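Listed here are the chains, written in short residue letters.
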Amino acid sequence: MTTSTAAESSATTPLLDLQALVVAVRRRRRLWGAMALLGLLIGAAVAVLMPPPPSAVTTVLVTHQADQPNDTGTLIRTDVALLGTTRIAAQALRSLKSTEKPEDFLHDYRGTGLTNNLLQIDVTGASDTEAVARAKALADAFIADHVRRMREAAQAEAKALRDQRDRMRDELAQVNKAIGNRSPGSDPKASASIESLFARRAELTSRIADFDQRAEEARMGTPQLVAGTQIVDAPRAVRHSLPKAAATNAAIGLVLGLAIGLALAAVGTVVADRPVLRREIAANLGASVVAELPRALRRPAGLWQRRRTREAHERLTTTLVRAVRHSAEPVSLLELGCARTTSVIALNVAGALGAEGPVVVVDGLPGPELADSGQEPGNTTVVSGERAATVPRQVRRLGVGSVAPGTAWTDLRYLGGRTVLVVRAGHGSAAWLHTVARQLAEQRIAVIGVVLIDPDPRDRTDGTLWDGPHTALRGPYERPAQQHGTGLPLTERLARQHATGPLRTERPPMSATRVPGSDQEAR
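Residues numbered from 1 in each chain as written. Predicted model: local features only at pLDDT ≥ 70, side-chain atom pairs only at ≥ 80, totals over all residues. Heavy atoms only, no water.

(A) Structural detail: the overall build of the protein chain. Helices and strands together make up the secondary structure of the protein chain, namely 15 helices and 11 strands. Within the protein chain, buried positions represent 36% of all 523 residues. When the accessible area of the protein chain is evaluated, it comes to approximately 29800 Å², of which 57% is carbon and sulfur surface. (Helix = DSSP H or I, 4+ residues; strand = E, 2+ residues; numbered from the N terminus. Buried < 20%, exposed > 50% of the residue type's maximum accessible area, 1.4 Å probe, protein only. Areas by Shrake-Rupley, 256 points an atom, 1.4 Å probe, with all protein chains shown as cover.)

Put into structure tokens, the structure is as follows:
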């Protein structure tokens, strides 16, 4: 039965609970909020402390001999690549009479193709004047190099056309000579040969004229391309707005910081595995959540918030008073991550029970939270764990202890045979909650409920174990009888101990010794 139930539970439990992840990340809003604020401040500081260097910009209209309306930008990308060569950089530096190396100058400017024929050049310098001069020198060097390459291409094409024309002229001269050497005759074969020579001469004459025209067009087309390549936007200094740059960098830093913070919060939540939802805490502890208390605000709370907190404490006190009053043996409050809140709850419960008779609060907390919590109300007396045996039998007891790592588990039996766990949401890991439940079960301490501190306000899960043992505050609970008198109430066992001496099966209260809580122990 147990194996099948565990198998079904593991099969229905998702590998990653998105609801729990979202709730845990939202609870760690201080982390990602601080990261977002840090990114915003760093972005604004970078804009103020590291302003961009002085820069200038110019735009050049570049004409190409092979321009096509459907060009995808290949020609302008070629021009951008040519602008980033050491040849252009060296020509610009020579015109500036600078001794800077061309390789170093390449890092101070860049070209951007705006359209198929517009090239933008951005240059940085030590000052605005130097940046403008560098932009002018680069634009002139690029135009001169582009014009030189176009002229060389045009001259090479015209020379090739003229060479072809000259070869055809030589062939035409040979054809004319062959025609002149032929004498007119009546031989049909001679007549056909002469006609073919005349046809060849006509073809050569036509082709020579075509090559002359093409060579002239190639030579005449270069001036148009040269005149079209020019500076259309004169070099000018770029003005940088510090407020705009600071706002832009701050926004970028805010987004990056928020993203990093959310990622860290999510990863930390998955790695730490600290349950936050009611159903997870109840399932890991094996007890139902019977009450909740909101998180104590560090800033001064308003009247409405103070009223809600007071009403929540009153409801919790009423619930715990009812449980302690109807219990046949002492009840303890064991805290995990909320020692000061547990001390306040214990004193409130003791004060409410003080009207019915004297109440003794047994302080088993490792720190001074209970002693520093304020005045003892009414008939309440606070004693340490070492003096618990001196409390008379007829006096009602309320133990206060801790189940944090380092707890001496055997000492918890002297605080009460039944306990209410006061757990702060998201404090203990799932492995440690399993450890607490197992150790309390081994000590035969019944958990009658869990009080959840600082729950998530948007948590709508059910913290009741409907299919678990009836240990919650929903009805009477009777502990099974034990041998050797261990099933007797704690007050009666302590009275018998005074009369007959200490029992061998029990240990006197001792100071808490640190017990390491490991994953192996939890398993």
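The rest of the description comes next.
(B) Seen up close, the sheet that holds strand 3 (residues 118-124). Taking strand neighbours across the sheet as the criterion, the 4 strands line up as 2-3-1-4 in an open arrangement whose pairing is antiparallel. Edge positions in the sheet fall to strand 2 (109-113) and strand 4 (230-237), since each of these pairs with one other strand and no more. Sheet twist, expressed as the average angle between the axes of neighbouring strands with direction ignored, equals 15°. In this sheet, strand 4 lies alongside strand 1 (residues 55-61) in antiparallel orientation, the contact comprising 5 bridges. (Pairing = 2+ DSSP bridges. Axes fitted to C-alpha atoms, helices over the stretch in contact; angles between N-to-C directions.)

(C) Geometry of the packing of helix 2 (residues 18-27) against helix 9 (residues 242-272). Contact geometry of helix 2 with helix 9 gives a least axis separation of 9 Å together with a crossing angle of 120°. Viewed along their axes, helix 2 and helix 9 adopt a mutual orientation that is oblique. Considering the relative orientation of helix 2 and helix 9, their crossing is right-handed. Where helix 2 approaches helix 9, its residues L21, A24 and V25 are matched on the opposing element by L262, A265, A266, T269 and V270. Broken down by class, the residue content of the contact of helix 2 with helix 9 amounts to 7 nonpolar, 1 polar and no charged. (Parallel < 35°, antiparallel > 145°, perpendicular 65-115°, else oblique. Left-handed = near helix turned anticlockwise from the far one by under 90°. Contact = heavy atoms within 4.5 Å. Nonpolar A, V, L, I, M, F, W, Y, C, P; charged D, E, K, R; others polar.)

(D) Structural context of a nonpolar patch on the surface. On the surface, L38, I42, V46, V48, L49, M50 and L242 cluster together into a nonpolar patch covering about 690 Å² of accessible area. Note on placement: L242 falls in helix 9. The exposure class of L242 is partly exposed, given its relative accessible area of 45%. (Patch = residues over 30% accessible without salt bridge, like charges linked within 9 Å, V, L, I, M, F, W, Y side chains within 5 Å. Salt bridge = Lys/Arg side-chain N within 4 Å of Asp/Glu carboxyl O.)

(E) Seen up close, helix 12 (residues 339-353). Taking 1.5 Å per residue as the helical rise, helix 12 with its 15 residues ought to reach 21 Å, and the 21 Å between its terminal C-alpha atoms agrees with that figure. Of all the positions in helix 12, only A339, T342, S343, I345, A346, L347, V349, A350 and L353 are classed as buried. (Expected span 1.5 Å × (residues − 1).)

(F) Representation of the packing of helix 4 (residues 74-83) against helix 7 (residues 128-180) within the structure. Look at helix 4 against helix 7: their axes get within 11 Å of each other, and the N-to-C directions meet at 120°. Looking at the two axes, helix 4 sits oblique to helix 7. Two packed elements cross with a definite hand, and for helix 4 against helix 7 that hand is right-handed. Side by side, helix 4 and helix 7 meet where D79, L82 and L83 of the first sit next to F142, H146 and R149 of the second. In terms of residue class, the contact of helix 4 with helix 7 is built from 3 nonpolar, 1 polar and 2 charged.

(G) Layout of a positive patch on the surface. The grouping of R29, R30, R458 and R460 at the surface amounts to a positive patch. Tracing the backbone through its elements, the reader meets R460 in the loop between strand 11 (446-453) and helix 14 (490-500). (Lys, Arg positive; Asp, Glu negative; His and termini not counted. Charge placed at Lys NZ, Arg CZ, Asp CG, Glu CD.)

(H) View of the nonpolar core. If you look at the biggest cluster of nonpolar residues, it comprises 28 residues, and the most contacted ones within it are L285, L412, L421, V436, L440 and V450. Taken together, the elements giving at least two residues each to this core come down to helix 10 (278-285), strand 6 (331-336), strand 7 (359-363), strand 10 (418-424), helix 13 (430-442) and strand 11. Broken down by element, the residue count for this core peaks at 4 residues, all from helix 13. (Core = buried A, V, L, I, M, F, W, Y, C linked by side-chain atoms within 4.5 Å.)

(I) Molecular detail of the pattern of salt bridges. Taken as a whole and assessed by the stated rule, the structure comprises 25 salt bridges. Here R149 makes a salt bridge to D145, at a shortest N to O gap of 2.9 Å. Taken as a pair, R149 and D145 lie in helix 7 at a separation of 4 residues, close to a single helical turn. Given the relative accessible area of 25%, R149 is considered partly exposed. The salt bridge involving R325 is made with E356; its shortest N-O contact spans 2.7 Å. Of this pair, R325 sits in helix 11 (residues 303-325) while E356 sits in the loop between helix 12 and strand 7, placing them 31 residues apart in sequence. Its relative accessible area of 45% is what places E356 among the partly exposed residues. Shared partners join several salt bridges into a network, and the residues in it are R87, D145, R148, R149 and E152.

(J) Molecular detail of the side chain of S332. If you trace the backbone, S332 turns up in strand 6. For S332, the side chain forms a polar contact with the side chain of T419, separated by 3.1 Å. Residue contacts for S332: discarding those within four places in its chain leaves G399, L415, G416, R418, T419 and V420. (Polar contact = N/O pair within 3.5 Å; in protein donor to acceptor, adjacent residues only side chain to side chain.)

(K) Region of interest: the confidence of the model for the protein chain. Looking at the protein chain as a whole, its pLDDT mean stands at 79, while 78% of the residues score no less than 70. The low-confidence segment residues 1-11 (pLDDT under 50) makes 0 contacts with residues lying over four places distant or belonging to another chain. (pLDDT = per-residue confidence, 0-100.)

(L) Inspection of the sheet that holds strand 5 (residues 289-293) at higher detail. Pairing within the open sheet is parallel, and its 7 strands lie in the order 5-11-10-6-9-7-8. The open sheet is flanked by strand 5 and strand 8 (380-384), the only strands paired with a single partner. Here the average twist between neighbouring strands, direction ignored, is 25°. Both strand 6 and strand 9 (residues 396-402) contribute to a ladder of 5 bridges, which runs parallel. From the neighbouring strand, E335 faces strand 9, where its bridge partner is S402. On the sheet, helix 10 packs against strand 5, strand 10 and strand 11 and is oriented at approximately 155° with respect to strand 11. Sitting on the sheet, helix 12 is in contact with strand 5, strand 6, strand 7, strand 8, strand 9, strand 10 and strand 11, with an inclination near 175° to strand 9.

(M) Structural detail: unusual backbone geometry. Its identity is not glycine, yet K97 carries a phi of approximately 55°, on the positive side. Within the secondary structure, K97 sits in the loop between helix 5 (86-96) and helix 6 (102-105). Positive phi outside glycine occurs at D454, with the angle close to 55°. Its location among the elements puts D454 in the loop between strand 11 and helix 14.

(N) Summary view of the packing of aromatic side chains. For the structure on display, the rule yields 2 aromatic pairs. For the ring pair F105 and Y109, a centre distance of 5.0 Å and an interplane angle of 50° mean the geometry is tilted. A residue is classified by how much of its surface remains accessible, and Y109, at 7% relative accessible area, is buried. Ring centres of W409 and W432 lie 5.9 Å apart, and the angle between their planes is 40°; this geometry places the pair in the tilted category. Here W409, found in the loop between strand 9 and strand 10, pairs with W432, found in helix 13; they are 23 residues apart in sequence, far enough to count as distant. Among the residues examined, W432 registers a relative accessible area of 8% and is labelled buried. (Phe/Tyr/Trp six-rings, centres within 6.5 Å; stacked < 30°, edge-to-face > 60°.)

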